[in-house]
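The residues making up each chain are set out below.
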Amino acid sequence: QVQLVESGGGLVQPGGSLKLSCAASGFTFSNYAMSWYRQAPGKERELVATITNSGGSTNYANPVKGRFTISRDNTKNTVYLGMNSLKPEDTAVYSCNAQRTTIWGEINSFWGQGTQVTVSS
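Keep in mind that this is a model prediction, so the values were computed, not measured. (Residues numbered from 1 in each chain as written. Predicted model: local features only at pLDDT ≥ 70, side-chain atom pairs only at ≥ 80, totals over all residues. Heavy atoms only, no water.)

A.B. asks: Before we go on, may I ask you to explain the nonpolar core in this structure?
C.D. replies: Soluble globular proteins: nonpolar side chains tend toward being buried together. If you look at the biggest cluster of nonpolar residues, it comprises 29 residues, and the most contacted ones within it are M34, W36, V79, L81, M83 and Y94. Of all elements in the fold, only β3 (18-25), β4 (33-39), β5 (46-51), β7 (68-73), β8 (78-83), β9 (92-101) and β11 (115-119) reach the threshold of two or more residues within this core. Ignoring sequence-local partners within four residues, the contact set of M34 consists of L4, C22, F29, A49, T50, I51, I70, R72, V79, N97 and A98. (Core = buried A, V, L, I, M, F, W, Y, C linked by side-chain atoms within 4.5 Å. Buried < 20%, exposed > 50% of the residue type's maximum accessible area, 1.4 Å probe, protein only. Helix = DSSP H or I, 4+ residues; strand = E, 2+ residues; numbered from the N terminus. Contact = heavy atoms within 4.5 Å.)

Here it is, written out as structure tokens:
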């Protein structure tokens, strides 16, 4: 069955770094664009970064531009989120998402369970 399993979260001091991983299985990973989302307590879920299925193009939310890097390894069915210069406002549950639109216009979308990132001194 389809699985997306995030790892790499934890507690880090402001200014520190973390690298999240999301391991995929149960579907053809290289056919899907991958994204990282985050949700802080009491806030709506927000899109953090997206990478195309080939890895040739990426997009970032303004709050993380220049600090976060999304990447993927299609040979390992894994997407990553490198996070530098972390701020307390980056504290959230980070989840990965796989999405594609079929030739018939159907959207296939899968979610991981999330990993907690806490930025605090």
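Still to come is the rest of the account.
A.B. asks: What should I look at first to understand the state of the cysteines in this one?
C.D. replies: Here a disulfide denotes a covalent bond joining the sulfur atom of one cysteine to the sulfur atom of another. Under the defined criterion, the tally for this structure stands at 1 disulfide. Each sulfur in the disulfide pair C22 and C96 lies 1.9 Å from the other. Taking the sign of the torsion about the S-S bond as the criterion, the disulfide between C22 and C96, at about 45°, is right-handed. With C22 in strand β3 and C96 in strand β9, this residue pair connects regions lying 74 residues apart in the sequence. (Disulfide = S-S within 2.5 Å.)

A.B. asks: Explain the pattern of salt bridges here, please?
C.D. replies: Here the idea is simple: oppositely charged side chains can pair when their charged atoms come close. Tallying each qualifying case throughout the model produces 3 salt bridges. Residue D90 pairs with R67 through a salt bridge whose shortest N-O separation is 2.8 Å. Of this pair, D90 sits in the loop between β8 and β9 while R67 sits in the loop between β6 (58-60) and β7, and the two are 23 residues apart along the sequence. Judged by relative accessible area, D90 falls into the buried class, the value being 0%. Judged by relative accessible area, R67 falls into the buried class, the value being 10%. Sharing partners across several salt bridges, the network here consists of R38, E46, R67 and D90. (Salt bridge = Lys/Arg side-chain N within 4 Å of Asp/Glu carboxyl O.)

That is the geometry; function is a separate question.
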